[in-house]
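# Working through the structure, step by step
One-letter residues, chain by chain:
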Amino acid sequence: MANPGTTSAAPAPQTNKTIDNWFELTKRGSTMGREVRGGLVTFFTMAYIIILNPIIIGTQVDVNGNLITGVAPSVDGAVATSMAMVAAATALIAGIMTIIMGVYGRFPIALATGLGLNALVAYTIVKQMTWPQAMGLIVWEGVLITILVLTGFRKAIFDAVPRSMRSAISVGIGLFIAFIGLVDGGVVRAGSGTPVQLGVYGSLLGWPIAIFLIGLALIVALYIRRVKGALLIAILAATVIAVIVQAVLNLPLMKDATGATVNPTGWIQNLPALTSGFSLPNLGLLGRVDLFGAFTSAGSAGAIIGILLLIFSLLLSDFFDTMGTIVAVGAEGDLLQEDGNPPYTQEILLVDSVAAIAGGVGSVSSATSYIESASGVGEGARTGIASVVTGLAFLLSLFLAPLVEIVPAEAATPALFFVGFLMMSQVVHVNWEDPEEGIPAFLTIVLMPFTYSITTGIGAGFIAFALIKALKGKAKDVHPLMWVVVAAFVLYFGQGIITGLIG
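Summary of the structure given here. All values reported here derive from a predicted model rather than from experimental measurement. Each chain carries its own residue numbering, running from 1 in the direction its sequence is written. The predicted origin of the model limits local features to residues at a pLDDT of at least 70 and limits the giving and counting of side-chain atom pairs to 80 or more, whereas totals for whole chains, interfaces and linings rest on all residues. Working from all heavy atoms in the structure, the side-chain values ignore hydrogens and water.

### Here we look at helix H2 (residues 32-46)
The condition is simple: What counts as a helix is a DSSP run of H or I of at least four residues, what counts as a strand is a run of E of at least two, and both are numbered from the N terminus. For a helix, the expected span equals 1.5 Å multiplied by the number of residues minus one. Note on classification: 1.4 Å probe, protein chains only; a residue is buried when its accessible area is under 20% of the maximum for its type, exposed when over 50%, partly exposed between these limits. By definition in these notes, contact holds between two residues if any of their heavy atoms fall within 4.5 Å.
With 15 residues, H2 extends 21 Å from end C-alpha to end C-alpha; this agrees with the ideal 21 Å at 1.5 Å per step. Inspection of H2 places Glu35, Gly38, Gly39, Val41, Thr42, Phe43, Thr45 and Met46 among the buried residues, and these make up the whole buried set. As for H2, its buried residues are in contact with helix H3 (49-57), strand E1 (111-113), helix H14 (373-378) and helix H15 (384-397).

### Some thoughts on the pattern of salt bridges
Put simply, the test is: Only one rule defines a salt bridge in this text: a Lys or Arg side-chain nitrogen within 4 Å of an Asp or Glu carboxyl oxygen.
Using the criterion set out here, one finds five salt bridges in the structure. With a shortest N-O distance of 3.9 Å, Lys27 and Glu24 are connected by a salt bridge. Judged by its relative accessible area of 36%, Lys27 falls in the partly exposed class. Measuring nitrogen to oxygen at the nearest pair gives 3.0 Å for the salt bridge that ties Glu436 to Lys474.

### Let's talk about the packing of aromatic side chains
The description of an aromatic ring pair rests on the distance of the ring centres and on the angle between the ring planes. What counts is decided by this rule: The aromatic pairing rule takes the rings of Phe, Tyr and Trp, using the six-membered ring of Trp, and pairs them if the centres are within 6.5 Å, calling planes under 30 degrees apart stacked, those over 60 edge-to-face and the rest tilted.
Summed over all chains, the structure comprises nine aromatic pairs. Centre to centre, the rings of Tyr123 and Phe176 are 6.3 Å apart; their planes meet at 80 degrees, and the pair counts as edge-to-face. Residue Tyr123 is located in helix H5 (residues 117-123), and its partner Phe176 is located in helix H8 (residues 163-184); the two are separated by 53 residues in the primary sequence. Classification of Phe176 as buried rests on a relative accessible area of 0%. Consider the rings of Trp140 and Phe292, whose centres lie 5.9 Å apart with planes at 65 degrees: the pair is edge-to-face. Of this pair, Trp140 sits in helix H6 (residues 131-151) while Phe292 sits in the loop between helix H10 (230-249) and helix H11 (293-296), placing them 152 residues apart in sequence. For Phe292, a relative accessible area of 51% corresponds to the exposed category.

Rendered as structure tokens:
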């Protein structure tokens, strides 16, 4: 360990020297007070995931029609219980992994279930398998990315996928998340005569949709005024309004127990009211993982290839998002070294990869590094002490997890829609005047929301990229690893034809 440098910001006198040396508090020009403030700011900036993840993971059914708890949504109170359990597990995994990041990675970055990754699981993967099997794939993705970190193969994969395609993947996921936010908020629905339409019969009718619009307006107003924790504040404020509206008007749910729409202007998923008394956090989702079920029940070679590509899609989304996040947070705090990477990069990436495994074991989808950590860095955080503070705050929030059932989808989903806007910023890294970049990127971006599948968007974009390069006589410009992936995606898209040919 290098000796601490001299800076104008010295640690407080009571700071333990061992702690100072390990976290490099003095060397990085910080104080314990700044680290605590920065860690709390990061928590309040990203605590919305405790509410959003249950909306995504806790309300969707798997191939057997069951929620992640293993019961059907038609069972009385099943959705509320599912959401509360997902919230508790989300807070626990985020707390533990963020503390580990602080102590081992020594970097002011927090981890929690990744938006986009959870959407891929909830809206694509579990439509083909059970929830435990889907979480098994998350674990395998985490194992693979850990191996890539430990072997140094990470850079090879990073170099294999061109910058334009990495950016397109991020933008496509952003649009997909925004579309999910509109659908789950009731603003976009299945139309009569059209695939989708605006609200109820083409109009924004009903109090639930009004709550969505109020929440979105609050997010925009707080964000442009640079208020820390804008998403969380807006969600909580919209929830309070929804609770008041429900107490006065006693609005029904939109669907009955059979799933049929009976009240078009009712609440989409859950009532903004406590349906049961307060209880201790239920951590029953931990360990509900089936590592081999997805493979043993595949039934054909084509199906197994499809499963492997699902894992690859998870890996891609997780991998490139993490690299961009840690560099961006490091740049915000002037913590990057001469090579453009933060200190202890290997340790940071290792914790992040293990977090994916932890997310699968916790049944909350892959946990990953959060760009919102930059808000804490902006408040002065420079060391892993801030991450320890953030992690402890997540652990304390475990006891608030049962209250998540009162947050209606209409109050939480405006944040999903706004996250889509934030992810759109990557679109500038695509050269749209060059069809070799623009066409593959366009296919990647539009097919994710239009097919409701992140995997489809990535596969179509990769195939188009390689094909166009070959047609232009530039096949050698395509990394050999990319050709392997393209071949796998061709098999994935053609598995129906292949299955038919082999009977």
